Amino acid sequence: IVNTKGGAVEPNFAPSDLYTFYNETPVLNGGNKGTGAPDCVGLPEVGDVTNRALTLFTTRFKLPPVALKKILVNGRNPGLPSDNEPALDVEWVHAVSPNTPIYFYLADSKTPYLDAITRAIDDNKCGAISSSTEDSCPDLAMLDVYNTELEQGVVQGQTIFHSSGDYGDNWI
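Numbering of residues starts from 1 in each chain and follows the order in which that chain's sequence is written. Since the coordinates come from a predicted model, pLDDT governs what is reported: local features require at least 70, and pairs of side-chain atoms require 80 or more to be given and counted, while whole-chain, interface and lining totals use all residues. Water and hydrogen atoms play no part in the side-chain values, which are based on all heavy atoms of the structure.

**Student:** Give a description of the state of the cysteines that names residues and reports values.
**Tutor:** In this description, a disulfide is simply a cysteine sulfur pair whose atoms lie within 2.5 Å. Counted under the stated rule, the structure contains one disulfide. Here Cys40 is linked by a disulfide to Cys126, with a sulfur-sulfur distance of 2.1 Å. Disulfide Cys40-Cys126: torsion about the S-S bond near -100°, hence left-handed. Of this pair, Cys40 sits in the loop between helix H2 (25–29) and strand E1 (41–45) while Cys126 sits in the loop between helix H5 (112–123) and strand E4 (128–131); the two residues are 86 residues apart in sequence, bridging distant segments of the chain. Starting at the N terminus, helices and strands are each numbered in turn, a helix being any DSSP run of H or I of at least four residues and a strand any DSSP run of E of at least two.

Structure below.
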């Protein structure tokens, strides 16, 4: 893992471990390394990532450079977060699908996660959206708003992934 400031942290779990654990090595060796443009994976985020962090990760694990497009949802960059969540999200999506461009939806507002996920769905450019939120646990009314937006993405043909640790079983 490479931290937000671009410093290396000794890996406890490397892409090669993920490939072994999920038996992805035969898929990658067979040439399936994700889809190319115009398809993409959308990442709704509330914090940015440095190019240095991504370069260290791809260099350390011999991956191609990340094709990352940053979309400033509210016209402002929220800056670097206090944790490594955005870097972690980009690094592991890239490790799983190294040929697929990543659209990084950055929101800086009172409802950053909602704004970011809404824009990723409304743009309808990425076939997959991987959501690993750091938002505070929303109430049921806000979860209904999220779920309505997510249902729209599914109707459009987008596949939505959520981290298993985000909001627990609250996602409907």
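**Student:** Before we move on, could you go through the layout of surface pockets and cite the residues and values that matter?
**Tutor:** Cavities and pockets were defined on a 1 Å grid built over protein atoms only: a cavity is a set of grid points that admits a 1.4 Å probe from which the probe cannot escape, a pocket is an open set flanked by protein on both sides within 12 Å along at least five of seven lines, and lining residues are those with an atom within 4 Å of any such point. Grid points are joined across faces, edges and corners, and a volume is the space filled by probe spheres set on the points. If you add up the space inside the largest pocket, you get close to 500 Å³. Around the largest pocket sit 20 residues that line it, and Val41, Trp92, Val93, Ser130 and Phe161 are the ones nearest its centre. Only helix H4 (85–96), E4 and strand E5 (159–162) provide two or more residues apiece to the lining of the largest pocket. Ranked by residues supplied to the lining of the largest pocket, first place goes to H4 with six residues. Residues belonging to the lining of the largest pocket are distributed by class as follows: eight nonpolar, nine polar and three charged. A volume near 180 Å³ is recorded for the second largest pocket. Lining the second largest pocket are Ala14, Pro15, Ser16, Tyr19, Leu28, Asn29, Lys33, Phe61, Lys62, Leu63, Pro64 and Pro98. Counting residues per element, the lining of the second largest pocket draws most heavily on helix H1 (residues 15–21), at three residues. Note on residue categories: nonpolar means Ala, Val, Leu, Ile, Met, Phe, Trp, Tyr, Cys or Pro, charged means Asp, Glu, Lys or Arg, and polar means any other residue, Gly included. Split by residue class, the lining of the second largest pocket holds eight nonpolar, two polar and two charged.

**Student:** Describe in detail the pairing of strand E3 (residues 102–106), supporting the description with residues and values.
**Tutor:** For every residue, the accessible area obtained with a 1.4 Å probe (protein chains only) is divided by the maximum for its type, and the residue is called buried under 20%, exposed over 50%, and partly exposed between those limits. The element E3 is extensively covered by neighbouring structure, given that five of its five residues are classed as buried. Where burial is concerned, the two faces of E3 agree: the one with Ile102, Phe104 and Leu106 and the one with Tyr103 and Tyr105 are both buried. The sheet contact formed by E1 and E3 spans five bridges and is parallel. By the bridge assignment for E3, Leu43 is matched with Phe104. Between any two strands, pairing holds if DSSP finds at least two bridges. Bridge count between strand E2 (residues 68–72) and E3: five bridges; the pairing is parallel. Pairing of Leu68 across the sheet is with Ile102, part of E3. In this region the chain leaves E2, passes through H4 and returns to the parallel neighbour E3; the handedness of that crossover is left-handed. The crossover handedness rule: strands pointing away from the viewer, path from first strand over the helix to second strand clockwise, crossover right-handed.

**Student:** Explain the sheet that holds E3 residue by residue, including any values.
**Tutor:** Spatially, the five strands line up as an open sheet ordered E2-E3-E1-E4-E5, and their pairing is parallel. Looking at strand neighbours, the two that pair on one side only are E2 and E5, the edges of this open sheet. Taken pair by pair, the neighbouring strands of this sheet meet at an average axis angle of 20°, ignoring direction. In this analysis, axes come from line fits to C-alpha atoms, helices being fitted only over the stretch in contact, and the angle between any two N-to-C directions falls in the range 0 to 180 degrees.

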